[in-house]
Amino acid sequence: MSVLDSKTPEGPIKDKWTNYKNKIDLVNPANKRNIDIIVVGTGLAGGSAAATLAELGYNVKAYCYQDSPRRAHSIAAQGGINASKNYMGDGDSDYRLFYDTVKGGDYRSREANVYRLAEVSKNIIDQCVAQGVPFARDYGGLLDNRSFGGVLVSRTFYAKGQTGQQLLLGAYSAMNRQIARGKIEMFNRHEMLDVVKVDGKARGIITRNLITGEIERHSAHAVVIATGGYGNVYFLSTMAMGANATAAWKVHKKGAYFANPCFTQIHPTCIPRSGDYQSKLTLMSESLRNDGRIWVPAKIEDAKAIQQGKLKPTEIPEEDRDYYLERRYPAFGNLVPRDVASRAAKERCDAGYGVNATGEAVYLDFAYAFERYGKEQAKIHGLKNPTEEEIIKLGQAIIEEKYGNLFQMYEKIIAEDPYKTPMMIYPATHYTMGGVWVDYNLMTTIPGLYCIGEANFSDHGANRLGASALMQGLADGYFVLPYTIGDYLADEIRTGAIPTDTPEFDEVEKSVKERINFFINNKGSKSVDHFHKRLGVVMWNKVGMSRNEKDLKEAMAEIKAIREEFWKEVKVSGDADEMNFELEKAGRVADFLELGELFAKDALNRNESCGGHFREESVELDGEQKGEAKRNDTDFAYVAAWEHKGEPADAVLHKEQLEFKDIELKQRSYK
Ligand SMILES: Cc1cc2nc3c(=O)[nH]c(=O)nc-3n(C[C@H](O)[C@H](O)[C@H](O)COP(=O)(O)OP(=O)(O)OC[C@H]3O[C@@H](n4cnc5c(N)ncnc54)[C@H](O)[C@@H]3O)c2cc1C
């Protein structure tokens, strides 16, 4: 095992980034015109990076598997984006955002990166406003903020429930300007299937044109991976159906270390699963927890009656309701971080208090918000002695203004009106904090290969706070990578164009073609989804919200067995030289079947509970925190970065020891 060098600059934390930028090598404008950069992925991270690098003068080649960058998974982001602007005057600052993010991640992230993130967060808002992103505004026309879980200030900028979509339109328009100038060459419907290294450096990629099936070679002086997270390893998740780990996994197999794969976020406010034939789960934005109260029946007989359809939630009197988050965590109540809220829901449902037919749901109730806002509105409008009905109506109008599209989406999926009856929610896989290991420069362990956005492991530690992913992706793309990549490229100005007719490209292209031919020609009998679903069941049951040594060992063996069967029995219909979704899925699931095993191995290695990773062997046994997760800073205050060595089970652990100089390590208490 080696110790990893994060290349974190010296000096006080608040000066590190500024001093670093002042000293790094720059590439002069004339030389930038001779340098090519590949950006794989054009979601918020890749889109913002591609636009900025092109604006700086580099030649950018950008890739996505959808028909347009506008369809990246980033478009699904609902709730908002954090920034330490302190517009609300409630005491926010760079330090507080930094502090909340490190604490929220349960002290498993790199301090210097997180401070930099907080520092540039303000620039992101200015950049996006300049692009025309229609953030919500208050009555006076100033940008509005709301609060998200795990923090005590309001710092989340939002555009109703469509923040990701609006931000992506901003990044996309910035990209389009560069596409029109010829500075970005956009390859839609192209999937990266492997990376090409020359003399140890990343020099290109092999892609499949998803419309014609053509296998293509693309070269550059540096390659940036911005391909999003791997939550679909669970099969069911809130992520886009196409979200995958292929690019990240392929670079891992070529030498990039994969960090903390077991750090996954299970989001507490998703629409519950309704049956075995479901292929997707839907998020209800966490912003709803600002106004909704979470509860289950306090009496087991009421819960049973609800499960059997004999009782309605509105028939349960106040004193027979258990607002379990407010009861257990009085300081943060319904706004505890996601990992805490998810485990608390599971605990109540496992104890039999779940509220739908499957017993896996809790209520998110807006009745109090209707009344609270309604009374305020009645006063504002000068209504004398309004009726209860009038108050509720006025309150509902405010909620509709804030979350109307989310309420509409819920009604369409569940066929119940959430204005009349509480919503039902349950945790679901939502985000992956783990990912490709990167240093302070966002460079992987392969020289010239960078990784940004959800695909890297960088800033969220063991748990991401709400509204921090968009912040990180856009910080990486607009404000960090464009500087740090120059430091590397300054040594490449004499390299000249990278040829693709070389043995290195021949070899990688050959292996890509062989794999595709195998899938097309294999005479198996089971669909790709058959294997993906089985993998998902093992992941959810044994590597899900609660993990233990026995289950994790079993999971590793079971995933390996599914993988071996996959390679014998998978059936892929259609041909290689046409649009073929089954073929696309086969490649992605093959990679998930390897990643899943490393994921379980990492969870097994980390015998502590931290953030979203809950080990049943590591809980507090006494005192106020009894039953809560127990972190072990003595043995596990490190990033676990895995080096590929053939089989996932043989991966070798490298540790990046985490140093906390500006934040005192404390037990995370939301009580
Ligand atoms: C339902 C939902 C709501 C969310 N809401 C919020 C929120 O309110 N606030 C917040 O901060 N975060 C939120 N998140 C998280 C956030 O949206 C994501 O973490 C973030 O958008 C990821 O951006 P990205 O650019 O890293 O990746 P993505 O947006 O996933 O983009 C990945 C890109 O890579 C491309 N790609 C992938 N593989 C390949 C390949 N092999 N070859 C070529 N191209 C490839 C894709 O085509 C795409 O362009 C939410 C997530 C979900 C699921």
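Residue positions are counted from 1 within each chain, in the order its sequence is given. Per-residue local features of the predicted model are confined to residues with pLDDT of at least 70, and side-chain atom pairs are confined, for both listing and counting, to 80 or more; whole-chain, interface and lining totals are unaffected and use all residues. Computation of side-chain values covers all heavy atoms of the structure but excludes hydrogens and water.

**Examining the overall build of the chain**
Thinking step 1. A count of helices and strands for the chain gives 18 helices and 19 strands.
Thinking step 2. With C-alpha atoms as the basis for the radius of gyration, the globule rule is written as 2.2 Å multiplied by the number of residues raised to the power 0.38. By the compact-globule yardstick of 26 Å for 671 residues, the chain fits well, its C-alpha radius of gyration being 25 Å.
Thinking step 3. Seen through its principal axes, the chain has C-alpha atoms that stretch 80 × 55 × 50 Å.
Thinking step 4. Partly exposed residues are those whose accessible area sits between 20% and 50% of the maximum for their type, while under 20% is buried and over 50% is exposed, using a 1.4 Å probe and protein chains only. Across the 671 residues in the chain, those meeting the buried criterion constitute 61%.
Thinking step 5. Intrachain contacts of the chain at a sequence separation of at least 6 include 75% that bridge at least 24 residues.
Thinking step 6. Positive: Lys, Arg. Negative: Asp, Glu. His and the chain ends are not part of the count. For charged residues, the charge sits on one atom: NZ in Lys, CZ in Arg, CG in Asp, CD in Glu. The positive charge centre, built from 87 side chains, and the negative charge centre, built from 95, are 1 Å apart in the chain. We count a stretch as a helix when DSSP gives it H or I for four or more residues in a row; a strand needs E for two or more, and each element gets its number in order from the N terminus. The contact definition used throughout considers only heavy atoms, calling two residues in contact when any of these lie within 4.5 Å.

**Observations regarding the sheet that holds strand β16 (residues 435-436)**
Thinking step 1. Across the sheet, 4 strands lie side by side as β16-β10-β18-β19; this open sheet has antiparallel pairing. Only two strands of the sheet have a single partner each, and these edge strands are β16 and β19 (652-657).
Thinking step 2. In the sheet, strand β10 (residues 258-259) pairs with strand β18 (residues 638-643) via 2 bridges, with the strands oriented antiparallel. Each bridged residue has a counterpart across the sheet, and for Phe258 the counterpart in β18 is Trp642.
Thinking step 3. Lines fitted to C-alpha atoms define the axes, with helix axes restricted to the stretch in contact, and inter-axis angles between N-to-C directions lie between 0 and 180 degrees. Of the strands in this sheet, β10, β18 and β19 touch helix α17 (residues 581-605), which is tilted by about 145° from β18. Any two strands between which DSSP finds at least two bridges are classified as paired.

**Digging into the pattern of salt bridges**
Thinking step 1. Any Lys or Arg side-chain nitrogen located within 4 Å of an Asp or Glu carboxyl oxygen qualifies as a salt bridge. This structure, assessed with the given rule, holds 55 salt bridges.
Thinking step 2. Ionic pairing is found between Arg108 and Asp633, a salt bridge with its closest N-O pair at 2.9 Å. In this pair, Arg108 is assigned in the loop between α4 (94-104) and α5 (111-131) and Asp633 in helix α18 (residues 633-636), connecting sequence segments 525 residues apart.
Thinking step 3. Using a relative accessible area of 1% as the deciding quantity, one classes Arg108 as buried.
Thinking step 4. Here the residues in one salt-bridge network are Asp106, Arg108, Arg606, Glu608, Arg631 and Asp633, joined through shared partners.

**A closer look at the pairing of β18**
Thinking step 1. A large share of β18 lies buried, amounting to 6 of its 6 residues.
Thinking step 2. Burial along β18 is two-sided: the face carrying Tyr638, Ala640 and Trp642 and the face carrying Val639, Ala641 and Glu643 are both buried.
Thinking step 3. Two elements, β18 and β19, share 6 bridges in a ladder whose sense is antiparallel. Looking at the pairing, Trp642 lines up with Leu653 of β19.

**Some thoughts on unusual backbone geometry**
Thinking step 1. Residues other than glycine seldom take positive phi values, yet Tyr107 does so here, at roughly 60°.
Thinking step 2. Here Tyr107 lies in the loop between α4 and α5.
Thinking step 3. Positive phi, normally seen in glycine, also occurs at Phe235, with a value near 65°.
Thinking step 4. Mapped onto the elements, Phe235 comes out in the loop between β9 (222-225) and α7 (246-253).
Thinking step 5. The buried category is assigned to Phe235, whose relative accessible area is 11%.

**Focus on the environment of Leu383**
Thinking step 1. Relative to the helices and strands, Leu383 is located in the loop between α11 (367-380) and α12 (388-414).
Thinking step 2. Leu383 sits 26 residues away from Ala357 along the chain, and the two C-alpha atoms are 42 Å apart.
Thinking step 3. Those residues in contact with Leu383, other than ones at most four positions away along the chain, are Ala378 and Leu394.

**Section: empty space enclosed by the protein**
Thinking step 1. A pocket, in this scheme, is an open set of points on a 1 Å grid over the protein atoms alone with protein on both sides within 12 Å along at least 5 of 7 lines, while a cavity is a set where a 1.4 Å probe fits but cannot get out; residues line either one if an atom lies within 4 Å of a point. Grid points are joined across faces, edges and corners, and a volume is the space filled by probe spheres set on the points. Applying the stated rule across the entire model yields 4 cavities of 30 Å³ or more.
Thinking step 2. Roughly 40 Å³ of internal volume is contained in the largest cavity.
Thinking step 3. If you trace the largest cavity, you find it lined by Ile266, Asp339, Ser342, Arg343, Met545 and Gly612.
Thinking step 4. Among the residues forming the lining of the largest cavity, the class breakdown is 2 nonpolar, 2 polar and 2 charged. Residue polarity follows a fixed list, in which Ala, Val, Leu, Ile, Met, Phe, Trp, Tyr, Cys and Pro are nonpolar, Asp, Glu, Lys and Arg are charged, and the others, Gly among them, are polar.

**As for the site of the ligand**
Thinking step 1. Around the ligand, the surrounding shell holds 36 residues, and the nearest of these are Gln66, Ser74, Gly79, Glu454 and Leu470.
Thinking step 2. Protein burial of the ligand: of its 1000 Å² of free accessible surface, 97% is covered by the chains.
Thinking step 3. Taken together, the elements giving at least two residues each to the shell around the ligand come down to α3 (44-56), β6 (190-198), β15 (423-432) and α13 (469-489).
Thinking step 4. Looking at the shell around the ligand element by element, the count peaks at 3 residues for β6.
Thinking step 5. For the shell around the ligand, the residue count by class is 16 nonpolar, 17 polar and 3 charged. Proximity criterion: a residue is near a molecule or strand once any of its heavy atoms comes within 4 Å of it. Note on areas: these come from Shrake-Rupley sampling with a 1.4 Å probe, and a residue is covered only by the protein chains present in the view.

**A word on the layout of surface pockets**
Thinking step 1. In this model, the second largest pocket occupies a volume close to 580 Å³.
Thinking step 2. For the second largest pocket, the lining is made up of 28 residues, of which Leu236, Arg273, Gly536, Trp540 and Asn541 are closest to its centre.
Thinking step 3. Contributing elements (two or more residues each) for the lining of the second largest pocket: α10 (338-350), β15 and α15 (528-542).
Thinking step 4. Top element by residues in the lining of the second largest pocket is α15. It accounts for 5 residues.
Thinking step 5. Split by residue class, the lining of the second largest pocket holds 13 nonpolar, 7 polar and 8 charged.

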